[in-house]
Each structure stands twice: as structure tokens, then as C-alpha cells.
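Descriptive structure summary
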Amino acid sequence: MKKSIFLITVMVLSCLAGKADQVGDKTSYVNPLIGTEGMGHTFPGACAPFGIVQLSPDTDTIPHNINGVYQGKVYEYCAGYQHTDNTIVGFSHTHLSGTGHSDLGDLLIMPQTGALQLNPGTKEHPDSGYRQRFSHDTEKASPGYYAVTLADNGVQVQLTATQRVGVHKYTYPKSSDQRIILDLLHGIYNYDGKVLWSTLRVENDTLLTGYRLTDGWARTNYTYFAISFSKPISSYGYQDRKQEKYVGFWRKFDRYHNFPDMAGRSMVAYFNFDPAASSELVVKVAISAVSTEGALKNLVAETAGKSFETICQETHDAWNRELSVIDCYGTPDQQAMLYTSLYHTMINPSVYMDIDRQYRGVDGNIHIANDFDNYTVFSVWDTYRAEHPLLGLLKPSRNTNMVKSMIRHQQQQTLSMLPVWSLMGNEGW
């Protein structure tokens, strides 16, 4: 297989120009920042091959409807990130890559020091909220890893991911307050009313569970989650934010302190930690479309007992294996072009089932994938031309599972149609 793919690569890309020594680590050629400016619609954050978690910075989100008027700029933030921006709203766990429509951006987390701020603010006035300025000079991105230093509060951010879990490592400045913001209202493809309901429960001083139901491009997107902390919470609370008639003005309700059960349509929560114990905080966020129990199983199966560094190395190794189906000899630019493009073909479609093989079908019911791996994010009008033919050559077993997923999609639909735009257990038409 590798020899035939190599020959195709030579013919199409003329990649034999440099006769350079082949480097064993293919990830060294991948630059996740490629495509993050203009209409490239890619994100720079961390994900595992074909994983359902894509943990990445969001630099802005533009509401798609203000007073009934469509805002065309929503198209610029399909992946939640624009390289020309100089502020970060936070780090959310689901993103689309290379698509012509925006959605997701579920479960945004932002590290915070100093005064408590629960409003995201704007890129024109970042000090009005928890948004942070940053410099691209501090950004590092490679397959399965992203890092940046937040300029205003000095927190060093490192991100990695497994298929179903996003892992954050925050290093706070010494003697500073240590807090994270969990914004359950944030999303990409925003509009008033996208979040139908969300819940959050403090199970103990290091574990949270909950879910969020949204109505976006994916009409009914269930995101159940389990979040673990590497050290205990010292205090916490939340606020229910309601949009006023005009975007940018918020009516604030009372903050609820240290009450373990929270629910609402526009919740933002905060969690404080004791800075004396350590300057580092590791946050693991597992998601599921089935249940909080499923999210907990995913959390344990993929990250229990593992350090941030161990998980990061495992994901790096997984990417290197996936990218090694092609050997390319050529100039650094040629190799970067090839392997970055190959990397982008293995973000979506994404595995859409829990570790116990349960998944939510397009009929809204829970199914078990006994004899196949269930996938989602099929922008079929794009992928049938090139993505699936390529995967048929490079990843035939995965491509077979994707076809089986499409057949299940057809069997679960009232109209018995193959998917047009399958997204998070929904038909996007």
C-alpha cells in the first residue's frame, strides 16, 4: 500500500525534487496554523486523529442574526479562529475544519486571575470581559498539541486531546489567583436562543458533570460532559446571563455560590483553586452524545492515571502513525504542504460513539455500534469528490466504517435517505 501511495504522491506533487533524507517523524512537517486566516476555515488547536474532540482557541464568534438581519461575517468564523485576531475568548472543545458553515464551539473554558469577570467582552474592548490578548510569538501548534501565553494575565496554556477528551494544562503566575471560567452559553454560529438548556453538577471537589443541548446547524446537539481537576475546588458559583434586545448588553442575575446543582439557558460558571498548592492546574474534559455516564466512562478509559505529558505523547505518536502512510521526499515547503494537507483530511469525519460503543443516531435514539465504528461530520457534497476516494486508498478500514455509518444514517431517517450533511447525529440538509 505505501509504495502505491508513494507513486501517486510522486506523480501528483512531484515531491522527489530535493532527495532529502526521509524524516521518521511526519508530524514535524505539519503546520496547523496553515489555513487559519481568511477563508481557510481551519483551527490550530489539539485533536487526535478522527477524534470528536477538537480543543482549540476561539478568537471571536459573530452572531448570525442581529435584529433579524443576517450577519455575513459568521462565515469567517466557521472554525472559530482567525489568525489576524489578537484576542482569545477561550478554549472550546468541538470545531469544524474546512467546512462552509459554522457551528459547535461547545464547553468553552478560560483561565482567569484577578477580579471575577463572567462576560466575554469584545475584541474591541477585551478588558470588559474575560477575553485575553495574546501574541502569535507565544503560539506553538503541532498535531495533538497547542500552546499560547495569555498576555494580560500571564497564564501559560497547553492543550492536548484524545479521541473523546480534551486536556488543558494551565500554569498560573506565582502568587496570582487561580480560577477557570466555564461558559455554557458560548458557541460558534451564535444567536439568541441557540442554547436550549444546560446543567452543571459539582459531584465532588475535583469532578463536574452536566450537559448542554443546542439548536444550531446541528439542530439537536447533545453534549454531555465530565470534567476533572488535578486539585480541589476551593469555591465556585455561576450566573445566568440573558441577552437583552440588542447584542452586547447583558442583564445579570444573582450569582449562586457553592450550590452543587445549576441549570439554565445562559449559564456561565467559575471555579477557584488554592494557589498555594501548585501553580499548575490540569483540566480533563470528556464529552459524550449519550449521557454523563458515557462521558465519565470516556474520561476514565482514555485519561485515568495519565499525565498531560503522557497523553500528549500518545496523541503525537498516533498522528505519526496515521501520517506515515505516505513517504515524501522533497523541499521543506513541499513536505509541509503534503503532510499538513494530509493532516487536515484526518480531523473530520470524526468518531461519534462512546468507549462502550453507544451513540446517538439521527433518529435521536441511542444505538450500539456492534460491528462498526460510527462516524459523523460528513459534508458529503464536499467529501465524496476527494476525501472518501483518498481514504479508500489510505485508510480503507476507516472508510468502510464511514460507509456503514452512512447506511445506519439512512436506516434511521424517516425519509430513508443517505446523508446530505451529517453533523453530530443530525441531518443538516
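The preceding data block contains the structure.
So, how was this worked out
Residues numbered from 1 in each chain as written. Predicted model: local features only at pLDDT ≥ 70, side-chain atom pairs only at ≥ 80, totals over all residues. Heavy atoms only, no water. Core = buried A, V, L, I, M, F, W, Y, C linked by side-chain atoms within 4.5 Å. Buried < 20%, exposed > 50% of the residue type's maximum accessible area, 1.4 Å probe, protein only. Helix = DSSP H or I, 4+ residues; strand = E, 2+ residues; numbered from the N terminus. Phe/Tyr/Trp six-rings, centres within 6.5 Å; stacked < 30°, edge-to-face > 60°. Lys NZ or Arg CZ within 6 Å of the ring centre and 35° of its normal. Patch = residues over 30% accessible without salt bridge, like charges linked within 9 Å, V, L, I, M, F, W, Y side chains within 5 Å. Areas by Shrake-Rupley, 256 points an atom, 1.4 Å probe, with all protein chains shown as cover. Salt bridge = Lys/Arg side-chain N within 4 Å of Asp/Glu carboxyl O. Axes fitted to C-alpha atoms, helices over the stretch in contact; angles between N-to-C directions. Parallel < 35°, antiparallel > 145°, perpendicular 65-115°, else oblique. Contact = heavy atoms within 4.5 Å. Nonpolar A, V, L, I, M, F, W, Y, C, P; charged D, E, K, R; others polar. Pairing = 2+ DSSP bridges.

The next subject is the nonpolar core. Within the largest apolar cluster, 58 residues are counted, with the highest numbers of intra-cluster contacts made by Phe91, Tyr170, Ile180, Leu200, Leu208, Phe229 and Phe271. Counting residues per element, this core draws most heavily on strand 21 (residues 267-273), at 6 residues. Core analysis: the next-biggest nonpolar cluster, separate from the first, contains 28 residues, Val325, Val351, Phe378 and Met406 among them.

Applying the stated criterion to the full structure yields 10 aromatic pairs. A centroid spacing of 5.9 Å and a plane angle of 25° characterise the contact between tyrosine 236 and phenylalanine 271, whose relative ring orientation is stacked. One end of the pair, tyrosine 236, is in strand 17 (residues 233-243); the other, phenylalanine 271, is in strand 21, with 35 residues separating them in the sequence. Exposure remark for tyrosine 236: the relative accessible area of 11% places this residue in the buried category. The exposure class of phenylalanine 271 is buried, given its relative accessible area of 0%. Geometrically, the ring pair formed by tyrosine 359 and phenylalanine 372 is edge-to-face, given 6.2 Å between the ring centres and 80° between the ring planes. In this pair, tyrosine 359 is assigned in strand 24 (residues 358-360) and phenylalanine 372 in the loop between strand 25 (366-368) and strand 26 (375-376), connecting sequence segments 13 residues apart. Residue phenylalanine 372 is classed as buried on the basis of its relative accessible area, which comes to 2%. Grouped by ring-pair contacts, the aromatic residues Phe229, Tyr236, Phe271 and Phe273 constitute a single cluster. Sitting above the plane of the tyrosine 222 ring, arginine 360 keeps its charged end 3.8 Å from the centroid.

Together, Val403, Ile407 and Leu418 line one region of the surface with nonpolar side chains, adding up to about 240 Å² of accessible area. If you trace the backbone, isoleucine 407 turns up in helix 7 (residues 396-412). Relative accessible area serves as the criterion here: at 35%, isoleucine 407 is assigned to the partly exposed category.

Interaxial distance between helix 6 (residues 387-394) and helix 7 falls to 6 Å at its minimum, and their mutual angle equals 135°. Considering the angle they form, helix 6 stands oblique to helix 7. Every residue of helix 7 that contacts helix 6 at His388, Leu391, Gly392, Leu393 and Leu394 is listed here: Pro396, Asn399, Met402 and Met406. Split into classes, the residues belonging to the contact of helix 6 with helix 7 amount to 6 nonpolar, 3 polar and no charged.

The next subject is the sheet that holds strand 12 (residues 165-171). If you walk across this open sheet you meet the 9 strands as 9-10-11-12-22-16-15-14-20, and the pairing is antiparallel. A single partner strand is all that each edge strand has here, and the edge strands are strand 9 (140-142) and strand 20 (261-264). Shown here is a sheet whose adjacent strand axes are inclined to one another by a mean of 15°, direction ignored. Contacts between helix 2 (residues 292-303) and the sheet are confined to strand 12, strand 15 (207-214), strand 16 (221-229) and strand 22 (280-288), with strand 22 contributing the most and set at about 130° to the helix. On top of the sheet, helix 3 (residues 308-323) reaches strand 10 (145-149), strand 11 (156-161), strand 12 and strand 22; it is set at about 50° to strand 11, its chief contact.

Purely geometric stuff here, so don't read any function into it on its own.
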